[in-house]
Amino acid sequence: MGRPFAEGAPAPPAGLGPVTAVAAGNGFTLALGGDGRVTGWGRDFYGQVSQAAKARDVVALAAMEESALVLRADGTVGFLGRGLSPPPGLADVVAIAAGTDHWLAKRRDGAVVAWGSEEKGKATPPVDLCAPSVLPPPPPAAERREEWVDPFIGTSTADFADRLGSCMPGPSLPHASIYPSPETLHPLPSGYRHGQPIVGFAQLHTQGTGGNPSYGNFLVTPIRELALLEADRASPKADERARAYAYGVRLTNDNIDVELVPARHSVLYRFTYPESQPAHLMIDVARKVGGSLALDDGFVTVDPVTGAISGGGLFSRNWNPAPYRVYFFAQVSQAPVGVGTWLDRDIQEGSTAAAARGRPLGAYLRFQPEPGRPILLKLAVSFHSVEQAAKHLEAEIP
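Everything in this summary refers to the structure shown in the same document. (Residues numbered from 1 in each chain as written. Predicted model: local features only at pLDDT ≥ 70, side-chain atom pairs only at ≥ 80, totals over all residues. Heavy atoms only, no water.)

### A short note on the sheet that holds strand 7 (residues 93-98)
Phase 1 of the analysis: Pairing is antiparallel in the open sheet, where three strands are placed in the order 7-8-9. The open sheet has two free edges, formed respectively by strand 7 and strand 9 (112-116), since each of these has just one partner strand. When the angles between neighbouring strand axes are averaged without regard to direction, this sheet yields 20 degrees.
Phase 2 of the analysis: As defined by bridge partners, strand 7 adjoins strand 8 (residues 102-107) across five bridges and the pair is classed as antiparallel. Within strand 8, the position partnered with Ala98 by the bridge is Trp103. (Pairing = 2+ DSSP bridges. Helix = DSSP H or I, 4+ residues; strand = E, 2+ residues; numbered from the N terminus. Axes fitted to C-alpha atoms, helices over the stretch in contact; angles between N-to-C directions.)

### Let's talk about the side chain of Thr221
Phase 1 of the analysis: The topology assignment puts Thr221 in strand 12 (residues 219-223).
Phase 2 of the analysis: According to the relative accessible area criterion, Thr221 is buried, its value standing at 3%.
Phase 3 of the analysis: There is a polar contact of 2.8 Å between the side chain of Thr221 and the backbone oxygen of Val199.
Phase 4 of the analysis: Setting aside chain neighbours within four positions, we find Thr221 in contact with Val199, Gly200, Arg233, His280, Leu281 and Met282. (Buried < 20%, exposed > 50% of the residue type's maximum accessible area, 1.4 Å probe, protein only. Polar contact = N/O pair within 3.5 Å; in protein donor to acceptor, adjacent residues only side chain to side chain. Contact = heavy atoms within 4.5 Å.)

### Here's the deal with the side chain of Ser214
Phase 1 of the analysis: Within the fold, Ser214 resides in the loop between strand 11 (198-202) and strand 12.
Phase 2 of the analysis: Under the relative-accessibility criterion, Ser214 is labelled buried at 6%.
Phase 3 of the analysis: For Ser214, the side chain forms a polar contact with the main-chain nitrogen of Trp319, separated by 2.7 Å.
Phase 4 of the analysis: Not counting residues up to four positions away in its chain, the partners in contact with Ser214 are Pro189, Thr206, Val289, Asn318 and Trp319.

### Digging into the packing of aromatic side chains
Phase 1 of the analysis: Summed over all chains, the structure comprises nine aromatic pairs.
Phase 2 of the analysis: Between Phe218 and Phe315, the ring centres sit 6.0 Å apart and the planes meet at 80 degrees, which makes this aromatic pair edge-to-face. Note that Phe218 is positioned in the loop between strand 11 and strand 12 and Phe315 in strand 19 (residues 309-315), a separation of 97 residues in sequence. As far as burial versus exposure is concerned, Phe218 and Phe315 are alike and both buried.
Phase 3 of the analysis: Seen in terms of ring centroids, Phe315 and Tyr324 are 5.8 Å apart; in terms of plane orientation they differ by 25 degrees. Their pairing is stacked. Accessibility classification places Phe315 together with Tyr324 in one group, the buried group.
Phase 4 of the analysis: Here the aromatic residues Phe201, Tyr247, Tyr269, Phe271 and Tyr273 are joined through ring pairs into a cluster of three or more. (Phe/Tyr/Trp six-rings, centres within 6.5 Å; stacked < 30°, edge-to-face > 60°.)

### Quick notes on the nonpolar core
Phase 1 of the analysis: The biggest cluster of nonpolar side chains holds 48 residues, and the ones touching the most others in it are Phe201, Phe328 and Leu379.
Phase 2 of the analysis: A per-element tally of this core places strand 20 (residues 324-332) first, with five residues.
Phase 3 of the analysis: Leave out the neighbours within four places in its chain, and Phe201 touches Ser181, Pro182, Phe218, Leu219, Val220, Pro222, Tyr247, Val249, Leu251, Val258, Leu260 and Tyr269. (Core = buried A, V, L, I, M, F, W, Y, C linked by side-chain atoms within 4.5 Å.)

### A closer look at the sheet that holds strand 3 (residues 38-42)
Remark on secondary structure: sheet strands pair via backbone hydrogen bonds, oriented parallel or antiparallel.
Phase 1 of the analysis: Strand order in this open sheet of three strands is 1-2-3, and the pairing throughout is antiparallel. Strands at the two margins of the open sheet, each flanked by one partner only, are strand 1 (19-24) and strand 3. Going across the sheet, the axis of each strand differs from the next one's by a mean of 20 degrees, ignoring polarity.
Phase 2 of the analysis: As paired elements, strand 2 (residues 28-33) and strand 3 share five bridges and run antiparallel to each other. Across the sheet, residue Leu32 finds its bridge partner in strand 3, namely Val38.

This is the structure:
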């Protein structure tokens with residue numbers, strides 16, 4: 001019968017219960033239990049194993065190279081690892097399969113959806129296997145033309161294309177100096193990777209770039225309990241929607257609804273927290289895309305009475321290595337019940353100011369959510385000063 005596993009290969013964990021399905025990629029294995037949970041072992045460079053442990057109600061698995069798919073009982077598909085994530089809107093799936101560098105999903109209506117490498121037509125099923133697109137049809141011509149824009153185009157790229165383009169779904173006005181958009185774990189240089197958990201919403205991005213990830217400044221994270229590590233802030237998402245002028249999503253870890261609309265130098269957020277539960281709003285001043293440190297020398301201040309937060313400083317480590325200065329000024333719609341700052345991993349409850357050189361830095365507000373009253377945050381950026389950011393905010397979002 002041979003050995004239970006190849007010599008030198010990672011062994012299944014001790015105590016692995018009855019298994020209904022297995023799938024294997026490059027150096028890692030996933031096993032599906034009868035309870036709908038997934039156990040993984042082996043290489044976990046891109047989180048394909050650790051993410052699998054969080055999956056629930058799984059009915060099928062598929063894997064390739066450095067990524068995997070999980071099919072849930074409700075017909076949705078979860079993506080684990082790196083590259084080749086499913087197209088936005090994919091649902092009502094009954095079967096999944098993997099090739100060397102492409103994926104296949106069969107929907108309940110019998111249609112086959114494919115994505116990934118187009119070499120030899122692998123990701124293009126025959127026409128008679130394809131139902132209409134999973135994306136909603138465009139609106140009638142009588143509606144505004146901006147309603148035809150799908151900001152998710154370019155956010156779901158195949159592994160081979162990761163270096164050729166990376167887009168994000170957040171909205172931006174033409175020639176604006178702010179580009180608010182969600183940021184995820186394991187991002188592309190844009191800060192976003194479809195299918196990955198959201199860590200927050202940053203204000204500066206570069207669209208469609210490769211190379212060294214740039215910007216991702218002033219990450220705003222609504223959350224119940226404070227969390228300084230991005231992996232601890234990360235939340236799965238639901239009801240994600242994007243238009244050329246707005247973006248919205250539900251962060252399912254804490255059941256928080258997020259909506260945002262941009263102006264030229266500023267952005268307006270609306271956060272709807274669950275009632276009668278803790279509510280925090282964090283602003284990370286020091287990080288950039290991917291969670292790495294970009295602040296060379298900066299500061300943050302918070303007003304405990306009004307909840308106004310400002311800060312910024314000197315940053316570097318972008319695609320262009322030259323240092324640059326950028327600042328922000330933000331206001332909230334209701335007074336906080338508590339404030340604080342953090343430096344490195346040291347949270348200072350009640351602190352109203354902090355400064356850092358090459359160290360993690362941020363500030364937070366604590367609220368007591370009220371029924372039917374979302375918390376609004378308006379924030380502006382300036383490459384000149386905090387004072388200029390405040391002027392932009394007053395002019396654009398009075």
